[in-house]
Amino acid sequence: MEEYGFLNISKLMHCGVYALVKKGQVVYVGKSKQPMMRIYTHVRNRGKKLGSNLYGNDIGPAVNGKGITFDSVWFLPCMLGQLGTLEVHFIKMFMPKHNVMHNPRPEPKPVLPIPDDIRAILKQMITITGLPPLEGRPKVYIRRLL
């Protein structure tokens, strides 16, 4: 079957831990006894406004009331007794932004005040936004005083 382009996804019929990935970065780690159904729920809710189902239960993790946006899914099959341990391990390893529990948040760094001489230079800077960015980022130009 592989010569025709089919993929063997039979591992998704067993319990395991999965990671939702967006642009190469893990954004959510979850565990499931029925991963095909759970991943289907994530795919169905991707970017949509969420609420509760008919029974009043939450229908999945949400960001600002919307389903998590992702572009790929990775899956690790495991034994039923390992689900919780592996999920916590990978949440601590990847620190995905949409996991709330078990995710150690870094301490906020103190904000340093900007010195007055640098603040004066920053006031003279302008950003040109009408031009297409080079190398994927906008350029900042300093205005010359004549």
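Here the structure is shown first, and the text comes after it.
Described below are features of the structure shown in this document. All figures in this text were calculated on a predicted structure; none of them were measured in a lab. (Residues numbered from 1 in each chain as written. Predicted model: local features only at pLDDT ≥ 70, side-chain atom pairs only at ≥ 80, totals over all residues. Heavy atoms only, no water.)

1. Description of the pattern of salt bridges
Evaluated as defined, the whole model comprises one salt bridge. A salt bridge links Lys31 to Glu87; the shortest N-O distance between them is 3.7 Å. Here Lys31 is found in strand 2 (residues 25–32), whereas its partner Glu87 is found in helix 2 (residues 83–94), with 56 residues between them in sequence. (Salt bridge = Lys/Arg side-chain N within 4 Å of Asp/Glu carboxyl O. Helix = DSSP H or I, 4+ residues; strand = E, 2+ residues; numbered from the N terminus.)

2. Here's the deal with the side chain of Thr41
Note that Thr41 resides in helix 1 (residues 35–45). From its side chain, Thr41 meets the backbone oxygen of Met37 in a polar contact 3.0 Å long. (Polar contact = N/O pair within 3.5 Å; in protein donor to acceptor, adjacent residues only side chain to side chain.)

3. Digging into helix 1
For helix 1, every residue scored as buried is listed here: Pro35, Ile39, Thr41, His42 and Asn45. Buried positions in helix 1, seen along its axis, are confined to an arc of 150° and lie on one side of it. Exposed side chains of helix 1 directed beyond 90 degrees from the buried face belong to Met37 and Tyr40. Among the structural elements, strand 1 (16–22), strand 2, strand 4 (66–67) and strand 5 (72–77) are those in contact with the buried residues of helix 1. In the segment just after helix 1, Gly47 is the residue with positive phi, at about 75°. (Buried < 20%, exposed > 50% of the residue type's maximum accessible area, 1.4 Å probe, protein only. Arc of directions from axis to C-beta. Contact = heavy atoms within 4.5 Å.)

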